[in-house]
Structures are given as structure tokens and as C-alpha cells.
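What follows is each chain in one-letter form.
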Amino acid sequence: GLALLPLAVPPAAAPPGGCPSACYCVATPELVQCRYERLEEPPKELPVTVHNLSIAGSNLSILHPAAFAARPLPDLRLLRLRHDNIQTIEDMALQGLPALRTLDLSHNPLIWVAAGAFAGVPLLRTLQLNQALLAASLEDQLALALRNLSLQRLELAGNGLRALPATLLPAGLEELDLRNNSLQRLTAAELRILEAPGLRGLRLTLGANPLSCDCALRPFLAWLRATAARVPDARSLRCTTPPSLRGAALLRLRPEGLACAANEGGEPGRLETASYVFFGIVLALIGIVFLMVLYLNRRGIKRWLHNLREACRDQMEGYHYRYEQDADPRRTSAIGTP
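Because the structure is a prediction, the values reported are computed rather than measured.

(A) Seen up close, the confidence of the model for the protein. Counting all residues, the mean pLDDT for the protein is 86, and 85% of those residues have values of 70 or more. Ignoring residues within four places in sequence, the model shows residues 1-15, a span with pLDDT below 50, making four contacts including any to other chains.

(B) Focus on the pairing of strand β5 (residues 78-82). Sheet topology note: the strand β3 (residues 52-56)/β5 ladder contains five bridges and is parallel. Of the residues in β5, the one forming a bridge with Asn 52 is Leu 78. As paired elements, β5 and strand β7 (residues 102-104) share three bridges and run parallel to each other. Across the sheet, Arg 80 pairs through a bridge with Asp 104, a residue of β7.

(C) The arrangement of the sheet that holds β3 in detail. The strand order β1-β2-β3-β5-β7-β9-β10-β11-β12 describes an open sheet built from nine strands, whose pairing is mixed. Of all strands in the sheet, those bounded by a partner on one side alone are β1 (24-25) and β12 (203-205). As paired elements, β7 and strand β9 (residues 126-128) share three bridges and run parallel to each other. By the bridge assignment, Leu 103 is partnered in β9 with Leu 127.

(D) Highlighting the nonpolar core. Counting 71 residues, the largest nonpolar core has Phe 68, Phe 118, Leu 129 and Leu 176 as its most contacted members. Of all the elements in the fold, those that place two or more residues in this core are β2 (31-35), β3, β5, α1 (138-145), α2 (188-194) and α3 (218-226). For this core, the domains that each give at least three residues are domain 1 (24-116) and domain 2 (152-260).

(E) Looking closely at the side chain of Thr 126. The residue Thr 126 is located in strand β9 in this model. Once residues within four sequence positions are removed from consideration, Thr 126 is found in contact with Arg 101, Thr 102, Leu 103, Leu 151 and Arg 153.

Calculation rules
- Every chain is numbered on its own, with residues counted from 1 as its sequence reads.
- Side-chain atom pairs in this predicted model are given and counted only at pLDDT of 80 or more, local residue features only at pLDDT of at least 70, and totals for whole chains, interfaces and linings cover all residues.
- Remark: hydrogens and water are excluded; side-chain values derive from all non-hydrogen atoms of the structure.
- A residue's pLDDT is the confidence the predictor assigns to it, expressed on a 0 to 100 scale.
- We call two residues in contact whenever any of their non-hydrogen atoms come within 4.5 Å of each other.
- In this scheme, strands are said to pair when DSSP sees at least two bridges between them.
- In this description a helix means any DSSP run of H or I spanning at least four residues, a strand means any run of E spanning at least two, and both kinds are numbered starting from the N terminus.
- Buried Ala, Val, Leu, Ile, Met, Phe, Trp, Tyr and Cys residues form a nonpolar core when they are joined through side-chain atoms within 4.5 Å.
- Each residue's exposure class comes from its accessible area (1.4 Å probe, protein chains only) as a fraction of the maximum for that residue type: buried when under 20%, exposed when over 50%, partly exposed otherwise.
- As used throughout, domain bounds are those supplied by an automatic or database domain assignment.

In C-alpha cells, the structure reads:
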């Protein structure tokens, strides 16, 4: 008989409009999930009707131009790329996704974002970059990449931010997530940015930040009380420092009760204390110099005091003599006789 030789048959590619072999489709091809398949690049054959695409736990590394559109995906509205080791996003990486409204790039070690990375997605309204902005220069790169977008929601939680990322706040932004960063306060200058005409409707969440409740917090506390509706988690904000106020609710603090500590936030208080100390030292030095002058001129001062006393005595004797003359009855009767 004929020997049957084993043949290596490559896995069949997904048929057009079907589910990619490395992924699975939930209910209908409109929802595609590719989890922990260690993909080196996005799947090429995606259902043209896909609405939501989620890739997690892969090694995409670089998003090249039109990375998700071997053919256009006109109905894709949500793209989640979490924990995919994405480091570089090149120009036009999202080309072919004209309906994309939500992009999630959280938990990726981004290093480089091209200025045209988000070109071709004019309807993008939500961008999630939680734990993704750990590179020092990434904020400036993102500012260029976002300049032509009309974002409504921006998530920047868990990025170690120490200040408000003003360059990443386009006019018209409605929601900003700054939870779990390294913010100690919002400064007066940052609060003025939030009151700019294009950002007056912005709502921001600030939970899990190490807030420093010293005198430098007073402008932010006053702003928070006046505009609490703009900070949905305002009631949950707690002090981290100083130790005496650890865990205290911000909205229950009195501005006059915020002391100036000897740290970054308490620099004004430290300078005020130093100025009082310096003033006291100057007064003490003036007093010492004055005493030294008195001591060195003690003989002259003693002589001056003696002369002053003699002069006063002579003056008093003159007054006394004139008083006796005026009071003498013989002199008075002599003057009165015609």
C-alpha cells in the first residue's frame, strides 16, 4: 500500500470577516479579544465589522503605520492595548480607524510617541495613559501628538506626576484622572490654568496623592471648597503629611490651622521664622555695641554727668536767690514807699 507521509500544514488564516486564530470573538465578531498570546504584531485578519478590539499581555513593542488596518476598520470605536510592552508609536499608527473614539494604552513602557502618532483618528475623545508616562521627555512628545485632537477625557493615573501636566490639557477637556500620582498640592499658578476659559468645565480626580497639608496648601484648599463639584472625589482626599494631620480630610481643615513646616511646602514659614531670628540677632548686636560704647567712654560720661549736675545746681541756686530777693519784706516796702 501507499505509505502516508505526515505533512506539515500551516494553520489556516482566518477567513475574511472571521475571528483571528490567535484571538477569540465574544458573541459576535464585533468584539475581539486577544489575551496573553504574546503577539509580536497586531492580527492582520480582523472582522471588518469589529467595534471593540482588546489586545493584552502581548509584545507589540512598536506600533508601525496603519498597524491595525491591513484593511480599513470603519466601525472600530474602542481599542484597548494594555500590558503589551509598547515602547514606540510611529506616525499614522492608527491610520484606517476613522471611527475610533476610545484608545487605552495603559501599562505600557512608552519611550517615544511621534508627533503624528494619533493622526487619522479625528473622533478620538478618550485617551487612557495610566502608568504609561514614566519616560522623562514623554510629556513634551505627547503635547505635540495631541495638539490636533479634541479630547474629552484623559487618564494619567499612576504616572508619578509631581505637577499638573498643563501642556497635555487641550481646550474643551471635560475629565482628567490624576489619581495615584505624586502631587502634594496644586499651586496657585496651576489653579489659574484650570480657570482658563477652555478648562472651566474640567472635572479632575485626585485621590491617592500624597497631599502635604501645610501653609502652601491654602490656595488649593480655598479653590477646592469653592469648586468642590469639579473634583468628584474631593470628600475622599486625605493628608499624608505632616504626621499630626495624616489621614485628615482636606475639606474639614481650616486654612489658618495649616502650619508652615520646614519642608518644600513650608518654605515660607521657615523664611518667616529665620527673618525673626535675624532681626533679634541684629537688635542684640546693637545693644552690645551700645553697651561697649558706654563702657569705653565711662570717664567722659561721668564727667559729663558731673558737669550737668553742677549746671543744674547753679541754675537752681539762681532761682532760689531770686526767690529770696522777691520774698524780702524790706525790699518790698522800699519799693512801695513814694
